[in-house]
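Reading the structure
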Amino acid sequence: MKYLLKLWLTTLLVSPFVVCCLLALNGDKEWLNSGTAILLLSLMVLTGLTLSIPAMTVLFILKAYLQKKDTSTLKLKTFISLYAIAAIYITFVIADYTFVFSLRNNLWWPVVYCITALFSIYYFKIKTDTIQSPINRNEQPRTNT
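Below is a short write-up of the structure. Note that residues are indexed from 1 along each chain, following the sequence as it is written. Residues qualify for local features only when their pLDDT is at least 70, as the model is predicted, and side-chain atom pairs are given and counted only at 80 or more; totals for whole chains, interfaces and linings, by contrast, use all residues. In computing side-chain values, all of the structure's heavy atoms are included and hydrogens and water are not.

1. So, the overall build of the chain
When helices and strands are counted, the chain shows seven helices and zero strands. Working definition: with a 1.4 Å probe on protein chains only, accessible area under 20% of the residue-type maximum means buried, over 50% means exposed, and in between means partly exposed. A total of 145 residues make up the chain; the buried ones form 34% of that total. Here a residue-residue contact requires only that any non-hydrogen atoms of the pair lie within 4.5 Å. The contacts in the chain between residues at least 6 apart in sequence include a share of 73% that link residues at least 24 apart. Helix and strand assignments come from DSSP, with helices taken as H or I runs of at least 4 residues and strands as E runs of at least 2, each series counted from the N terminus.

2. A closer look at the environment of Ala84
The topology assignment puts Ala84 in helix H4 (residues 73–95). Measuring from C-alpha to C-alpha, the distance between Ala84 and Ala117 comes to 7.1 Å, with 33 residues separating the pair along the chain.

3. Quick look at unusual backbone geometry
Despite not being glycine, Asp70 shows a phi value in the positive range, around 60 degrees. Looking at the secondary structure, you find Asp70 in the loop between helix H3 (37–68) and H4.

4. Structural notes on H4
An ideal rise of 1.5 Å per residue puts 33 Å on 23 residues; H4 measures up with 32 Å between its terminal C-alpha atoms. Of all the residues in H4, the buried ones are Leu76, Lys77, Ile80, Ser81, Ala84, Ala87, Ile88, Thr91 and Phe92. A helix is expected to span 1.5 Å multiplied by its residue count minus one.

5. Thoughts on the packing of aromatic side chains
Each aromatic ring pair is specified by the distance between its two centres and by the angle formed by the two planes. Each aromatic pair joins two rings of Phe, Tyr and Trp (for Trp, the six-membered one) with centres within 6.5 Å, and gets the label stacked for planes under 30 degrees apart, edge-to-face for over 60, and tilted for any other angle. One pass over the structure, following the stated rule, counts three aromatic pairs. Measuring from centroid to centroid gives 5.2 Å for Phe92 and Tyr113, while their planes differ by 70 degrees, and the two rings are edge-to-face. Of this pair, Phe92 sits in helix H4 while Tyr113 sits in helix H6 (residues 108–123), placing them 21 residues apart in sequence. For the residue pair Phe92 and Tyr113, the accessibility class agrees, reading buried in each case. Each ring, one from Tyr123 and one from Phe124, has its centre 5.3 Å from the other, and the planes form 75 degrees; the classification is edge-to-face. A relative accessible area of 18% places Phe124 in the buried class.

6. A look at the packing of helix H1 (residues 2–25) against H3
Axes are the key here: two packed helices are described by the angle between their axes and the distance separating the axes. Here an axis means a line fitted to C-alpha atoms, over the contact stretch when the element is a helix, while the angle between two N-to-C directions is reported on a 0 to 180 degree scale. Relative to each other, H1 and H3 sit at 145 degrees, their axes nearing to 10 Å. Crossing hand, H1 versus H3: right-handed. Note on element contacts: H3 touches H1 through Leu40, Leu41, Met44, Val45, Gly48, Leu49, Ser52, Ile53, Met56, Leu59, Phe60 and Lys63, opposite Tyr3, Leu4, Leu7, Trp8, Leu12, Leu13, Pro16, Phe17, Val19, Cys20 and Leu23. Residue polarity follows a fixed list, in which Ala, Val, Leu, Ile, Met, Phe, Trp, Tyr, Cys and Pro are nonpolar, Asp, Glu, Lys and Arg are charged, and the others, Gly among them, are polar. Grouping the amino acids of the contact of H1 with H3 by side-chain chemistry returns 20 nonpolar, two polar and one charged. Here a crossing is called left-handed whenever its near helix is offset anticlockwise from the far helix by less than a right angle, and right-handed whenever the offset is clockwise.

This is the structure:
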C-alpha cells in the first residue's frame, strides 16, 4: 500500500510542477507573472486527484493479484508501468481529448505524467512478500541426525 501511495503522490505532485516549468520555458510566462501559477498548480493537482482515483483503485487490485501469483519484482513493475501509461492516457482523453489526439502543444502533458510515473515505479522499492500458509510458517527446518 505504501508503494502505491508513494507512486500516486509523486506523480500527482511532481508532474504538474514539471508541466508548469515547461510552460514557463516554452515562453508562456503570462500566467507566471500574473501570480496564477499557484492556482494552476492547485487546479492540476485537484483534477489529477479526482480523475486518478478509479485508475489507482484498479492498480491496487492488479498489484494484489499479481503478488498473489508470486510475480517477480521486475515483472510486477513492468505490468504496473504498462498499466500506468494506459491509465494516464485514458485519463487525459477523458479530461480533454486534445491532450492526446491533437498536434497542439498539449501532447507533451501526458508524456510528462508518464515519465514521472515510470520514474516513480522503478525508483521506489516494492514489497514483494510471498503469501505463506500457516502450516509452512510454523514448520521447522529438518535436520539429519
